[in-house]
Amino acid sequence: MTRTLEPSSTDPFFPEIESVRFAGPDTDDPLAYRYYDADRIVLGRSMRDHLRFAVCYWHSFCWPGDDVFGEGVFARPWHGAGDPLAQAERKLEVAFEFFSKIGAPFYTFHDRDLAPEGASLAEGHENLAHMLDRAEAAMDRTGVGLLWSTANLFGHPRYAAGAATNPDPDVFACAALQVRDALEAAHRLGGANYVLWGGREGYDTLLNTDLARENRQLGRFMNLVVEHKHKIGFEGAILIEPKPMEPTKHQYDFDAAAVHAFLQEHGLENEIRLNIEVNHATLAGHSFQHEIAYAAAHGLLGSLDINRGDPQLGWDTDQFPNSLEEVSLAWYALLQAGGLGSGGFNFDAKLRRQSVEPVDLFHAHVGGVDILARGLLVAAAMIEDGAIAEHVEQRYAAWGGDLGRSILAGDTDLAALADLALDRKLDPKPVSGRQEALENRINRYR
Ligand code: XUL
Ligand code: CO
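First, a word on what this report is: a plain description of the structure on this page.

Parameters and conventions
Residues numbered from 1 in each chain as written. Chains lettered and ligands numbered in written order. Predicted model: local features only at pLDDT ≥ 70, side-chain atom pairs only at ≥ 80, totals over all residues. Heavy atoms only, no water. Helix = DSSP H or I, 4+ residues; strand = E, 2+ residues; numbered from the N terminus. Contact = heavy atoms within 4.5 Å. Donors = N, O, S within 2.8 Å, 3.2 Å for Na, K, Ca; no water. Tetrahedral: all angles 85-135°; square planar, octahedral: opposite > 155°, others 65-115°. Buried < 20%, exposed > 50% of the residue type's maximum accessible area, 1.4 Å probe, protein only. Near = heavy atom within 4 Å. Polar contact = N/O pair within 3.5 Å; in protein donor to acceptor, adjacent residues only side chain to side chain. Areas by Shrake-Rupley, 256 points an atom, 1.4 Å probe, with all protein chains shown as cover. 1 Å grid on protein atoms, 1.4 Å probe; cavity = no way out; pocket = protein on both sides within 12 Å on 5 of 7 lines; lining within 4 Å. Sits in = over half its atoms within 2 Å of the grid points. Nonpolar A, V, L, I, M, F, W, Y, C, P; charged D, E, K, R; others polar.

1. Quick look at the environment of Gly162
Logical step 1: Within the secondary structure, Gly162 sits in the loop between strand S5 (145–150) and helix H6 (169–188).
Logical step 2: For the pair formed by Gly162 and Glu214, sequence separation is 52 residues and the distance between their alpha carbons is 9.5 Å.
Logical step 3: When near neighbours in sequence (up to four residues on either side) are disregarded, Gly162 contacts Val171, Arg200 and Glu201.

2. What about the coordination of the cobalt ion (ligand 2)?
Ideal donor angles around a metal are set by the shape: a four-donor tetrahedron calls for 109.5 degrees, a six-donor octahedron for 90 or 180 degrees.
Logical step 1: Looking at the cobalt ion (ligand 2), one finds its protein donor set to be Glu241 (OE), Glu277 (OE), Asp305 (OD) and Asp348 (OD), positioned 1.9 to 2.2 Å from the metal centre.
Logical step 2: Classification of the site at the cobalt ion (ligand 2) as octahedral follows from its six donor atoms and the range of 78 to 176° in their angles at the metal.
Logical step 3: Taken in sequence order, the residues that donate to the cobalt ion (ligand 2) follow the motif E-x35-E-x27-D-x42-D. Pair noted here: Glu277 is in strand S10 (residues 272–277) and Asp348 is in the loop between strand S12 (345–347) and helix H12 (359–385), with a separation of 71 residues, a long-range link. The residues Glu277 and Asp348 share a single accessibility class, namely buried.

3. Section: the site of ligand 1
Logical step 1: Near ligand 1 the following residues occur: Trp58, His110, Trp148, Trp197, Glu241, Lys243, Glu277, His280, Asp305, Asp316 and Asp348.
Logical step 2: Within the side chain of Glu241, an N or O atom sits 2.7 Å from an oxygen atom of ligand 1.
Logical step 3: Contacts to ligand 1 include Asp305, whose side-chain N or O atom sits 3.0 Å from an oxygen atom.
Logical step 4: Protein contacts shield 94% of the accessible area of ligand 1, which totals 290 Å² for the unbound molecule.
Logical step 5: Using a 2 Å cut-off from the grid points, one finds that ligand 1 occupies the largest pocket.
Logical step 6: A per-class count over the shell around ligand 1 returns three nonpolar, two polar and six charged.

4. Some thoughts on the environment of His290
Logical step 1: Counting through the fold element by element, His290 comes out in helix H10 (residues 288–297).
Logical step 2: Classification of His290 as partly exposed rests on a relative accessible area of 35%.
Logical step 3: Taking the C-alpha atoms as reference points, His290 and Ala237, 53 residues apart in sequence, are found 22 Å from one another.

Rendered as structure tokens:
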């Protein structure tokens, strides 16, 4: 199915593919949904509303399939030499053809995915304005919405030493231009959220880095973004995407807890929430479920980037999800927290480099959507059964008694508790946590 259309062609890029439909678990059609039945009601909401999935523009339509050892292999017509704006226009048409055929309610983009950089800041700004007109028309035509936009503050050489954390305030101002434009783009296109991933906000060595100063700069930048959001009346959520490493040795937004502390320090804990990505959690030494549960426990849950890493590789492989266990446990944490609100599941995932045919984009997303739908069903069964929640409830039941309540209410102090322990000759015994039994129970829900 590899073809060589000119960038200017308006022919369908995926002519062999009709819209992807739900055909049920027994179908043999590899390009049909087996579990994702958009209108099926699960725990009182449609699967469509639970998933709110998004296709990311960058991996699926911008990345040419290169890696550090080799050049691009995908040979999409808009990747070769030619007028960058004409190529961006063709890429946009193909992207919306794909979003429509896969049935995606949302997409996500960086400013530079949509529009070429140009020879100057002014040209880049104009290119984006031009492409936003096209994007708006395509969204009106197809009904595809924007889950979030973001600014690429890591690709251009000026950002080699960071954007907001750069030693040069001129770079900070260039970043402000890009974020203003990308945030206003989200506002104009009715985006549900705006994301900030600190692409190069970190350090490679402390020998050349003033860590405290860079923290102040980053805090100032985030406050400027929030002020601008309110100034223009953007109602979507502002989200930070934690990641511990890559491209820098140490990224400041290491994990949910590090970003939580940063937000509190800069007075932003009620303004910014989190976009949690599966493999960023793994790279930080956590499970995806942990990062979701941490964010939810602190009122910071925003949206999810739903890709995965590889157990043998220590870098960000950005693979499509396919582990039912990982996805189900994430859903369980999510459903217990009441869902994602304005967030959704963004496939920040890319094909393997050998998956050179356009149809591979369909296989990847169909599988990703279906594993999410299946995970939702497992987690819904866990919730409906209630046995696991009941176990947790029982485990902490004593905290509902007089002693537990008085400790948490602040009615006692350390010395009084010490005396109480002695007076009552307390001798608590270990209680089984039942981990194996609970793990066995999970396997019943599949
Ligand atoms: C990088 C990453 C980004 C963000 C958006 O690892 O996940 O694609 O999601 O900038
Ligand atoms: Co991401």
